[in-house]
Amino acid sequence: MRPRTKPRPSLYEQLESLPEEVVAEILDGQLYVRPRPAWPHIVAASGLGFELIGPFQRGRGGPGGWWIVDEPELHFIRDAEVDVPDLAGWRRERMLNHPPVHRIEVVPDWICEVLSPSTESKDRKVKMPIYAEFGVSYAWLVDPLAHTLEAYALEDGGWREIGRIAGAASVSVAPFDAVAINLSDLWAPTA
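Thresholds applied
- Residues numbered from 1 in each chain as written.
- Predicted model: local features only at pLDDT ≥ 70, side-chain atom pairs only at ≥ 80, totals over all residues.
- Heavy atoms only, no water.
- Helix = DSSP H or I, 4+ residues; strand = E, 2+ residues; numbered from the N terminus.
- Buried < 20%, exposed > 50% of the residue type's maximum accessible area, 1.4 Å probe, protein only.
- Contact = heavy atoms within 4.5 Å.
- Areas by Shrake-Rupley, 256 points an atom, 1.4 Å probe, with all protein chains shown as cover.
- Lys, Arg positive; Asp, Glu negative; His and termini not counted.
- Charge placed at Lys NZ, Arg CZ, Asp CG, Glu CD.
- Pairing = 2+ DSSP bridges.
- Axes fitted to C-alpha atoms, helices over the stretch in contact; angles between N-to-C directions.

Draft legend 1. The arrangement of the overall build of the protein in detail. Summing up its helical and strand segments, the protein has three helices and 13 strands in all. Dimensions of the protein, computed from C-alpha atoms along their principal axes, come out at roughly 70 × 45 × 30 Å. Each of the 191 residues in the protein was classed as buried or not, and the buried ones make up 47%. In the protein, once contacts between residues fewer than 6 apart in sequence are set aside, the share between residues at least 24 apart is 52%. As displayed, the protein offers around 10,200 Å² of accessible surface, 53% of which is attributable to carbon and sulfur atoms. Mean positive and mean negative side-chain charge positions of the protein (19 and 28 charges, respectively) differ by 5 Å.

Pasting the structure below:
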């Protein structure tokens, strides 16, 4: 009699078994694991979230009507296509309440990826096409080292660039064009 082999864990079981100090995603059937981000990445993501939550989530100085969250676990296909953008937003009419679990299966209206040297290629070449395929309406790519914001709108199944801004400009970009964001607030000071 042949010895039985232990069944191999699913990709999602492998993802769940990883330590909390890493970020893991399942993209196009492949498990990607990366360490937590570096300081410029954290400053840019936190700063952008701060700029958006007041006017767009809480209605302070802006229209409200959104949920904006850091690093949600998006399940475009439950336990099979699992993406973790740096920030994501949903119009409240599409997500009336917060889900009671970590798996979010409602496609966001907007995502933001903060680029770093180790993630830029994956964010552009793997994740952006996935976001388009599943119908995310807007995507922003923020590069804290180059001090740039690229904004895209989904049109006919593909991304159309709607803005490319560099430096310390004050910008109003869809879907958050009701309020200006000062890009200099996103860039970590350098020594």
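On we go.
Draft legend 2. Broad picture of the sheet that holds strand 10 (residues 148-155). Here we have six strands laid out as an open sheet, ordered 3-6-8-9-10-11, and mixed in their pairing. Both outer strands of the open sheet, strand 3 (66-70) and strand 11 (158-166), are each paired with one neighbouring strand and no more. Across this sheet, the average inter-strand angle for adjacent strands is 15 degrees, counted without regard to direction. Bridge count for strand 9 (residues 138-143) against strand 10 is six bridges, and the pairing is antiparallel. Among the inter-strand pairings, Trp-140 is bridged to a residue of strand 10, identified as Ala-151. Sitting on the sheet, helix 3 (residues 120-133) touches strand 8 (110-114), strand 9, strand 10 and strand 11, and the angle it makes with strand 8 is about 175 degrees.

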